[in-house]
Amino acid sequence: MATVPVDHALILSAILFTVGLTGVLVRRSILFILLSIEIMLNAAGLAFVASGARWGQPDGQVMFMVILAVAAAEVSVGLTFVLQMFRHFRTLDADALNQMRG
Amino acid sequence: MNVVFYISAAVAVVATLLAITRRNAVHALLYLIVSLLSVAMVFYTLGAPFAAALEVIIYAGAIMVLFLFAIMMLNLGPQTREQESQWLRPETWGGPAALAAILLAELIYALVRGGGPISPANPVSPQEVGFALFGRYVVVVEMASILLLAGLVGAYHLGRRAGPEEEEGG
């Protein structure tokens, strides 16, 4: 059976992380910024799983599950902030939040 | 297995690129679900079937549905898409995209070391993951549960509508 080099899995993870980072940098809609953060977290999980698979240890998948929990908690609180922001400002523009008191 | 890995990887990269460039949030979400499913396929080819199942169930299932509910509650109209088209001009995204491409080149240069093959012949079974999770990493499980509880309480507290008339109903 053919095998995959661990480099290629890590490079895929790096590509996905960079695409997510680009999404955070270029989008102004706060919804897309949250979506791109999800892409970056997923890429980090891919790196963990690939490293765990390289040495045949379950630790990588345990760390992936921790990342899943962090992503779920982050996205629930983040989306609540997005809803509150839309209620207050009627926009999703991240630049609208340039003051501490809204 | 090798070919499946590269096809899934290509699908994941293309779907993610399409996801961050869409004007419509729901289209972006659907592309991201395709990307997550292909990443799950990558997990499977790397010999991590449990992580693949979790990716489909929790990421593509639960978290993306949460995004979909948020988009539905926001009730965005067609003017949002016009606004996105205005924001997403080449002079705006050119600089950050070029810098991110340089960062990616550096990362790939740092990663190409010949780290050895991943053999899918001996995958890490869900049983091994379970033993590790509730053996050595039991404190991590408790911390994750506390984190999720904090997320639940935080989302409930932040999500309620301010104002006296709604507080009577709740």
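Residues numbered from 1 in each chain as written. Chains lettered and ligands numbered in written order. Predicted model: local features only at pLDDT ≥ 70, side-chain atom pairs only at ≥ 80, totals over all residues. Heavy atoms only, no water.

1. Some remarks on the overall build of chain A
If you tally the helices and strands in chain A, you get three helices and one strand. Starting at the N terminus and walking to the C terminus, you meet the elements of chain A as β-α-α-α. A compact globule built from 102 residues would reach a C-alpha radius of gyration of about 13 Å, whereas chain A, at 17 Å, exceeds it by more than 25%. Projected onto its principal axes, the C-alpha positions of chain A cover 55 × 25 × 20 Å. Looking at the 102 residues of chain A, the share that counts as buried comes to 61%. If you take every contact in chain A between residues at least 6 apart in sequence, the share linking residues at least 24 apart comes to 54%. For chain A, the computed accessible surface area is about 4,000 Å², with 65% contributed by carbon and sulfur atoms. With 6 positive and 6 negative side-chain charges, chain A shows a separation of 12 Å between the mean positions of the two kinds. (Helix = DSSP H or I, 4+ residues; strand = E, 2+ residues; numbered from the N terminus. Rg over C-alpha atoms; globule rule 2.2 N^0.38 Å. Buried < 20%, exposed > 50% of the residue type's maximum accessible area, 1.4 Å probe, protein only. Contact = heavy atoms within 4.5 Å. Areas by Shrake-Rupley, 256 points an atom, 1.4 Å probe, with all protein chains shown as cover. Lys, Arg positive; Asp, Glu negative; His and termini not counted. Charge placed at Lys NZ, Arg CZ, Asp CG, Glu CD.)

2. Brief notes about helix 3 (residues 59-89) of chain A
Three or four residues apart is the spacing at which side chains of an α-helix point the same way, because the helix has 3.6 residues per turn. Over its 31 residues, helix 3 of chain A extends 44 Å from the first C-alpha to the last, a length consistent with the 45 Å expected when each residue adds 1.5 Å. Looking one or two residues past helix 3 of chain A, Arg90(A) carries a phi angle of roughly 55 degrees, positive in sign. (Expected span 1.5 Å × (residues − 1).)

3. Description of the pattern of salt bridges
Evaluated as defined, the whole model comprises two salt bridges over all chains. Across the pair Asp93(A) and Arg28(A) runs a salt bridge, and its minimum N-O distance is 2.7 Å. Taken together, the positions of Asp93(A) in the segment after helix 3 and Arg28(A) in the loop between helix 1 (6-26) and helix 2 (30-54) put the pair 65 residues apart, joining distant regions of the chain. Take Asp93(A): its relative accessible area is 12%, and that puts it in the buried class. Across the pair Arg136(B) and Asp59(A) runs a salt bridge, and its minimum N-O distance is 3.4 Å. Of this pair, Arg136(B) sits in the loop between helix 6 (126-133) and helix 7 (138-159) while Asp59(A) is found in helix 3, placing the two residues in two different chains. (Salt bridge = Lys/Arg side-chain N within 4 Å of Asp/Glu carboxyl O.)

4. Digging into the domain arrangement of chain B
Residue and element names in this part refer to chain B. Per the domain assignment, the segments of chain B are domain 1 (2-123) and domain 2 (124-162 + 166-170). Each partner contributes residues to the interface: domain 1 has five residues there, and domain 2 has five residues. Buried surface at the junction of domain 1 and domain 2, summed over both partners, amounts to about 350 Å²; 65% is from carbon and sulfur atoms. Of all residues in domain 1, the largest losses of buried area upon contact with domain 2 belong to Pro49, Phe50 and Pro123, amounting jointly to 87% of the total for that side. Where domain 1 meets domain 2, there are zero salt bridges. (Domains from an automatic or database assignment. Buried area = accessible area lost by both parts, 1.4 Å probe.)

5. Remarks on the interface of chain A and chain B
Facing 70 residues of chain A, the contacting portion of chain B comprises 79 residues. Summed over both partners, the interface of chain A with chain B buries about 6,800 Å², with 77% contributed by carbon and sulfur atoms. Across the contact surface, chain A and chain B share one salt bridge. The interface formed by chain A and chain B holds nine residue pairs in polar contact (both at pLDDT 80 or more) in total. Listing elements by their share of the side of chain A that touches chain B, those giving two or more residues are strand 1 (4-5), helix 1, helix 2 and helix 3 of chain A. Looking at the side of chain A that touches chain B, the element that brings in the most residues is helix 3 of chain A, giving 24 residues. Across the side of chain A that touches chain B, the residue classes tally to 46 nonpolar, 16 polar and eight charged. (Polar contact = N/O pair within 3.5 Å; in protein donor to acceptor, adjacent residues only side chain to side chain. Nonpolar A, V, L, I, M, F, W, Y, C, P; charged D, E, K, R; others polar.)

6. Quick notes on the packing of helix 3 of chain A against helix 7 of chain B
Interaxial distance between helix 3 of chain A and helix 7 of chain B falls to 9 Å at its minimum, and their mutual angle equals 10 degrees. Between helix 3 of chain A and helix 7 of chain B, the interaxial angle falls into the category roughly parallel. The segment helix 3 of chain A lies against helix 7 of chain B, with Val66(A), Ala69(A), Val70(A), Ala72(A), Ala73(A), Ser76(A), Val77(A), Thr80(A), Phe81(A), Gln84(A) and Arg87(A) engaging Val140(B), Ala144(B), Leu147(B), Leu148(B), Gly151(B), Ala155(B), Leu158(B) and Gly159(B). A class-by-class count of the residues in the contact of helix 3 of chain A with helix 7 of chain B yields 13 nonpolar, five polar and one charged. (Axes fitted to C-alpha atoms, helices over the stretch in contact; angles between N-to-C directions. Parallel < 35°, antiparallel > 145°, perpendicular 65-115°, else oblique.)

7. Section: a nonpolar patch on the surface
Residue and element names in this part refer to chain B. A contiguous nonpolar surface patch, about 520 Å² in accessible area, is contributed by Val26, Leu30, Val65, Leu68, Phe69 and Met72. Those elements that provide at least two residues to the nonpolar patch are helix 2 (25-45) and helix 3 (49-74). In terms of residue count, the dominant contributor to the nonpolar patch is helix 3 (four residues). (Patch = residues over 30% accessible without salt bridge, like charges linked within 9 Å, V, L, I, M, F, W, Y side chains within 5 Å.)

8. With respect to helix 2 of chain A
All names here are of chain A. The terminal C-alpha atoms of helix 2, which comprises 25 residues, lie 36 Å apart, in line with the 36 Å expected from a rise of 1.5 Å per residue. Within helix 2, 19 of the 25 residues are buried, leaving the element largely enclosed by the surrounding structure. Remark: Gly56 follows helix 2 within two positions and exhibits a positive phi of approximately 65 degrees.

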